[in-house]
Amino acid sequence: MVENRPILNIVSHIVLILGIAIVALPIWITFVAATHDAVRMTQAPIPLLPGSHFWENFQQTLWGSGLSGTEIAPVWRMLLNSLAMAMMISLGKIAISLISAFAIVYFKFPFRMGFFWLIFITLMLPVEVRILPTFEVVADLGMLNSYWGLSVPLIASATATFMFRQVFLTIPDEMLESARIDGAGPMRFFWDIVIPLSRTNIAALFVILFIYGWNQYLWPLLITTDTDMTTIVMSIKQMLEAAEQSPQWNIIMMTALLAMIPPVFVVVAMQKLFVQGLTETDK
Amino acid sequence: MASITLKDLVKSYGDTEVLHHIDGAINDGEFVVIVGPSGCGKSTLLRMIAGLETVTSGDIQIGDRVVNNLEPANRDIAMVFQNYALYPHMSVRENMGYGLKIRGNSKADINRRVEEAAAILEIGPYLDRKPRQLSGGQRQRVAMGRAIVRDPQVFLFDEPLSNLDAKLRVQMRLEIRKLQQRLGVTSIYVTHDQVEAMTLGDRLMVLNGGYVEQFGTPIELYDRPATLFVAGFIGSPSMNFLPAEVASGMVTLANGARLAGGGTASGKVTLGLRPEHLIADETGPIEINVQLCEQLGAITLLHGHLSGTDVECVASMPGHVSAAPGTLMRFAIAPEHLHMFDTQSGKRVDA
Ligand SMILES: Nc1ncnc2c1ncn2[C@@H]1O[C@H](COP(=O)(O)OP(=O)(O)OP(=O)(O)O)[C@@H](O)[C@H]1O
Ligand SMILES: [Mg+2]
């Protein structure tokens with residue numbers, strides 16, 4: 001719909017600006033808090049304009065002792081852990097669900113639909129529901145405090161499998177047939193035809209899954225006791241409670257700010273493909 | 001190059017048999033068109049030859065190999081699909097070269113062959129475009145190009161022109177024919193369009209309900225249709241069918257009119273008369289009560305009834321003819337243009 005009425009234009013801009021302001025305000029506060037020193041942050045009213053301690057806070061948070069008076073890992077280490085976990089979860093989920101969707105759509109084997117529904121009902125069992133048995137299994141496998149323990153239990157994805165199944169079903173049968181005539185075997189077809197045709201969907205899913213992985217809280221909290229293995233999202237919460245003193249907002253907010261960067265980077269970098277993947281229907 | 005032999009070929013889906021004991025031999029270099037109404041099993045037959053459908057029973061032989069259990073890629077065939085089935089993410093060049101790449105041909109060889117095919121089909125300028133950047137006709141050419149670069153023994157076409165507009169269809173039809181003659185590759189072409197079938201095929205296999213009605217040259221099919229179905233299917237406008245009785249060299253129509261012909265046949269038959277074989281003749285035996293004149297320019301179609309009956313009858317006359325509804329016109333027909341069919345079985349009754 002293309003309309004050109006000045007009043008409507010102004011109103012819609014006001015609404016949009018208000019919306020952005022509401023979303024952006026907490027982020028602004030976070031940023032401002034990260035630029036003041038610890039003392040200023042405990043005084044009321046909280047500042048609304050940036051202060052002059054950004055670099056100091058930045059360095060102390062990222063490489064330095066972090067929160068003074070505690071024994072938590074430096075934030076770069078947490079970022080690294082989070083990144084490893086999020087990447088392993090998202091890439092793992094994509095790889096596994098691509099392969100299982102491929103099997104379900106393109107191969108005939110006994111109980112094919114049975115397997116499909118089996119995968120599908122696991123949607124009803126998110127980590128929180130199966131957390132005790134999963135913990136038990138991971139502990140028995142000796143995967144506590146490891147990247148494997150952080151990612152493997154979260155790596156199977158019914159949602160992604162289902163989504164890729166739908167994507168594959170939109171690829172016309174003739175594509176498979178002409179690939180067969182061209183002499184492409186199943187794996188060749190998978191790599192040369194199926195993957196490129198699902199490219200945008202893979203990208204869209206990667207963005208969603210990366211953020212899902214990055215934001216994991218409960219699971220890392222349970223299985224990482226070693227401070228070297230903590231992830232950034234769970235640490236922010238711990239920082240609030242850790243020290244027996246009033247929270248050091250400048251450091252905590254700087255950490256929060258740093259925690260936002262990778263997901264934002266992923267979204268921005270994949271934006272074009274992401275939008276295509278969610279809207280494109282043309283095969 | 002290769003001949004193709006179909007032996008007692010049957011295809012069933014579950015309990016329903018869709019192709020019944022098809023036999024046929026296609027010669028080396030021949031262009032055979034499989035034609036028939038929608039749902040008669042044309043695509044199924046073609047796809048069985050391609051190896052995309054399994055054979056329920058019987059044999060398919062390409063050259064001297066029985067190929068029943070060979071993968072499509074090993075049958076040395078190429079197929080052009082109705083919707084072209086080009087890979088959307090590959091350029092025209094990659095689309096055409098993909099099969100060769102899988103076979104392990106060298107880059108230089110692939111390039112040479114692709115360029116050759118592109119030159120034949122005049123798609124050279126589009127080699128680096130994606131299929132979606134091409135028009136329907138250009139995609140069609142690319143699909144053909146993909147088939148010819150592989151230099152196969154057999155081309156298979158499944159209604160390759162049905163997505164094109166009428167004019168382009170006629171043009172591409174001729175091009176396909178020329179290309180096939182130039183390359184001399186045995187080809188099987190599926191269509192439901194009888195005009196397309198007549199113009200393209202060296203021989204036509206007319207399928208109906210999973211049975212082969214007749215397999216012969218276009219002229220054979222036109223001159224001596226083996227069944228009522230073929231008689232009605234081939235030729236436009238289609239043949240008139242009149243109930244009649246034959247006895248000792250005379251055919252009696254439903255209104256009592258008698259015409260010479262019919263040879264030694266006798267009894268009740270369905271008489272087939274092609275509209276274009278009816279010749280206006282004031283003393284002719286066939287009287288038609290004209291209801292409608294359809295002026296087509298070069299010819300005029302007169303639609304009406306056999307006078308005194310409600311048997312519909314169409315006559316085709318050269319030039320411009322006009323007749324008011326209700327006009328009675330008389331026609332004659334040469335004895336050799338009478339086709340007689342058994343009313344029950346639909347089989348041709350030979351004089
Ligand atoms: N997978 C299938 N399962 C069951 N029946 C099928 C299947 N594929 C085709 N048929 C049946 O086989 C018959 C022949 O189908 P086919 O596709 O060969 O027809 P066609 O002659 O190509 O028709 P059209 O001109 O419409 O393409 C049809 O009656 C169809 O219903
Ligand atoms: Mg068909």
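What you see is a predicted model, and the numbers here were worked out from it, not measured in a lab. (Residues numbered from 1 in each chain as written. Chains lettered and ligands numbered in written order. Predicted model: local features only at pLDDT ≥ 70, side-chain atom pairs only at ≥ 80, totals over all residues. Heavy atoms only, no water.)

> With reference to specific residues and values, describe the overall build of chain B.
Assigned secondary structure in chain B consists of 8 helices and 20 strands. The dimensions of chain B, computed from C-alpha atoms along their principal axes, are 75 × 45 × 35 Å. Buried positions account for 51% of the 351 residues belonging to chain B. Pairs at least 24 residues apart make up 64% of the contacts formed inside chain B by residues separated by at least 6 positions. (Helix = DSSP H or I, 4+ residues; strand = E, 2+ residues; numbered from the N terminus. Buried < 20%, exposed > 50% of the residue type's maximum accessible area, 1.4 Å probe, protein only. Contact = heavy atoms within 4.5 Å.)

> Could you give an account of the overall build of chain A, naming the residues involved and the relevant values?
When helices and strands are tallied, chain A shows 14 helices and 0 strands. The C-alpha atoms of chain A give a radius of gyration of 24 Å, which is well past the 19 Å a tight globule of 283 residues would have. Oriented by its inertia axes, the alpha-carbon framework of chain A measures out at about 75 × 65 × 30 Å. Out of the 283 residues in chain A, the part that is buried amounts to 40%. Carbon and sulfur atoms form 71% of the exposed surface of chain A, whose accessible area is close to 15,700 Å². For chain A, the distance from the average position of its 14 positive side-chain charges to the average position of its 18 negative side-chain charges is 10 Å. (Rg over C-alpha atoms; globule rule 2.2 N^0.38 Å. Areas by Shrake-Rupley, 256 points an atom, 1.4 Å probe, with all protein chains shown as cover. Lys, Arg positive; Asp, Glu negative; His and termini not counted. Charge placed at Lys NZ, Arg CZ, Asp CG, Glu CD.)

> Provide a residue-level description of the confidence of the model for chain A, including the pertinent values.
In the predicted model, chain A carries a mean pLDDT of 85, and the fraction of residues at 70 or more is 92%. Per-element confidence in chain A ranges from a low mean pLDDT of 71 for helix α2 (residues 38–42) of chain A to a high of 93 for helix α10 (residues 186–197) of chain A. (pLDDT = per-residue confidence, 0-100.)

> Talk me through the pattern of salt bridges; I want residue IDs and the actual numbers.
In total, this model carries 16 salt bridges over all chains according to the counting rule given. Close ionic contact of A:Asp182 with B:Arg150 constitutes a salt bridge, the shortest N to O distance being 3.5 Å. Here B:Arg150 lies in the loop between α4 (136–149) and β7 (154–158) and A:Asp182 lies in helix α9 (residues 173–182), a pairing that spans two chains. Taking the shortest distance from any N to any O, the salt bridge between B:Glu245 and B:Lys268 comes out at 3.6 Å. Note that B:Glu245 is positioned in strand β11 (residues 240–247) and B:Lys268 in strand β14 (residues 267–273), a separation of 23 residues in sequence. In this structure B:Glu245 comes out as partly exposed when scored by relative accessible area, which is 41%. Taken together, the shared-partner salt bridges in this structure form one network comprising A:Glu177, B:Lys11, B:Arg47 and B:Glu53. (Salt bridge = Lys/Arg side-chain N within 4 Å of Asp/Glu carboxyl O.)

> Kindly report on the site of ligand 1, identifying the contributing residues and their values.
All names here are of chain B. In the neighbourhood of ligand 1, the contacting residues comprise Tyr-13, Val-18, Ser-38, Gly-39, Cys-40, Gly-41, Lys-42, Ser-43, Thr-44 and Glu-159. Backbone polar atom of Gly-39 to an oxygen atom of ligand 1: 2.8 Å apart, as the coordinates give it. Gly-41 places a main-chain nitrogen or oxygen 3.0 Å from an oxygen atom of ligand 1. Contact with the protein chains hides 56% of the accessible area of ligand 1, taken as 630 Å² for the molecule alone. (Near = heavy atom within 4 Å. Polar contact = N/O pair within 3.5 Å; in protein donor to acceptor, adjacent residues only side chain to side chain.)

> An account of empty space enclosed by the protein is needed here, citing residue identities and associated values.
If you walk through the whole model with that rule in mind, you get 1 cavity of 30 Å³ or more. Size it by volume and the largest cavity reaches roughly 60 Å³. Surrounding the largest cavity, A:Ser178, A:Ile181, A:Asp182, B:Met79, B:Phe81, B:Arg146, B:Ala147 and B:Arg150 form its lining. Where the lining of the largest cavity is concerned, the elements lending two or more residues are α9 of chain A together with α4 of chain B. At 3 residues, the largest contribution of residues to the lining of the largest cavity is made by α9(A). (1 Å grid on protein atoms, 1.4 Å probe; cavity = no way out; pocket = protein on both sides within 12 Å on 5 of 7 lines; lining within 4 Å. Points joined across faces, edges and corners; volume = space filled by probe spheres on them.)

> Could you give an account of a nonpolar patch on the surface, naming the residues involved and the relevant values?
Together, A:Phe107, A:Phe109, A:Phe111, A:Phe115, A:Leu118, A:Ile121, A:Met124, A:Leu125 and A:Val129 make up an exposed nonpolar region whose accessible area comes to about 920 Å². As for its placement among the helices and strands, A:Ile121 is situated in helix α5 (residues 112–121). (Patch = residues over 30% accessible without salt bridge, like charges linked within 9 Å, V, L, I, M, F, W, Y side chains within 5 Å.)

> Lay out the nonpolar core with the relevant residues and their values.
Core analysis: the biggest nonpolar cluster contains 49 residues, and A:Val75, A:Ile94, A:Leu98, A:Phe164, A:Phe168 and A:Ile193 have the highest contact counts within it. For this core, the element with the most residues is helix α4 (residues 75–106) of chain A, which contributes 9 residues. Aside from chain neighbours lying at most four places away, what touches A:Phe164 is A:Ile94, A:Ser97, A:Leu98, A:Ala101, A:Asn201, A:Ile202 and A:Leu205. Counting residues in each nonpolar core, the second largest holds 42 residues, with B:Val80, B:Leu100, B:Ala147 and B:Leu161 among its members. (Core = buried A, V, L, I, M, F, W, Y, C linked by side-chain atoms within 4.5 Å.)

> Can you break down the sheet that holds strand β12 (residues 250–253) of chain B residue by residue, with the values?
Residues and elements named next belong to chain B. Spatially, β13-β12-β11-β14-β20 is the arrangement adopted by the 5 strands of the open sheet, whose pairing is antiparallel. If you trace the sheet from one side to the other, it starts and ends with β13 (258–260) and β20 (339–341), each paired once. Strand-to-strand twist across the sheet, computed as the mean angle between neighbouring axes with direction ignored, equals 40 degrees. The sheet contact formed by β11 and β12 spans 4 bridges and is antiparallel. From the neighbouring strand, Ala-247 faces β12, where its bridge partner is Met-250. (Pairing = 2+ DSSP bridges. Axes fitted to C-alpha atoms, helices over the stretch in contact; angles between N-to-C directions.)

> Quick one: what's the story with the packing of α10(A) against helix α2 (residues 92–103) of chain B, residue by residue and with numbers?
Closest axis-to-axis distance for the α10(A)/α2(B) pair is 13 Å, and the angle between their directions is 145 degrees. Read as a crossing pair, α10(A) and α2(B) show a hand that is right-handed. Contacts from A:Arg188, A:Asp192 and A:Ile193 in α10(A) reach B:Tyr98, B:Lys101 and B:Ile102 in α2(B). Grouping the amino acids of the contact of α10(A) with α2(B) by side-chain chemistry returns 3 nonpolar, no polar and 3 charged. (Left-handed = near helix turned anticlockwise from the far one by under 90°. Nonpolar A, V, L, I, M, F, W, Y, C, P; charged D, E, K, R; others polar.)

> Account for the pairing of strand β10 (residues 211–216) of chain B, naming residues and giving values.
Residue and element names in this part refer to chain B. Examined bridge by bridge, strand β9 (residues 203–208) and β10 share 5 bridges and lie antiparallel to one another. From the neighbouring strand, Leu-207 faces β10, where its bridge partner is Val-212. In textbook terms, the turn of a hairpin is the stretch between consecutive antiparallel strands, and for β9 and β10 this stretch comprises 2 residues, one of which, Gly-209, has a positive phi near 55 degrees.

> Break down the side chain of B:Gln194 for me, citing the residues and quoting the values.
All names here are of chain B. By secondary structure assignment, the location of Gln-194 is in helix α6 (residues 194–200). Among the polar contacts made by the side chain of Gln-194, one reaches the main-chain amide nitrogen of Gly-235 at a distance of 3.2 Å. Apart from residues no more than four positions distant in its own chain, Gln-194 is found in contact with Val-35, Phe-233, Ile-234, Gly-235 and Ser-236.

> Mind laying out the environment of B:Met172, listing which residues take part and the relevant values?
Residue and element names in this part refer to chain B. Following the sequence through the fold, Met-172 ends up in helix α5 (residues 166–183). Exposure remark for Met-172: the relative accessible area of 2% places this residue in the buried category. Along the backbone, Met-172 and Met-340 are 168 residues apart, and their C-alpha atoms lie at a distance of 37 Å. In contact with Met-172, not counting residues within four places along its chain, are Gln-140, Arg-141, Leu-161 and Leu-164.

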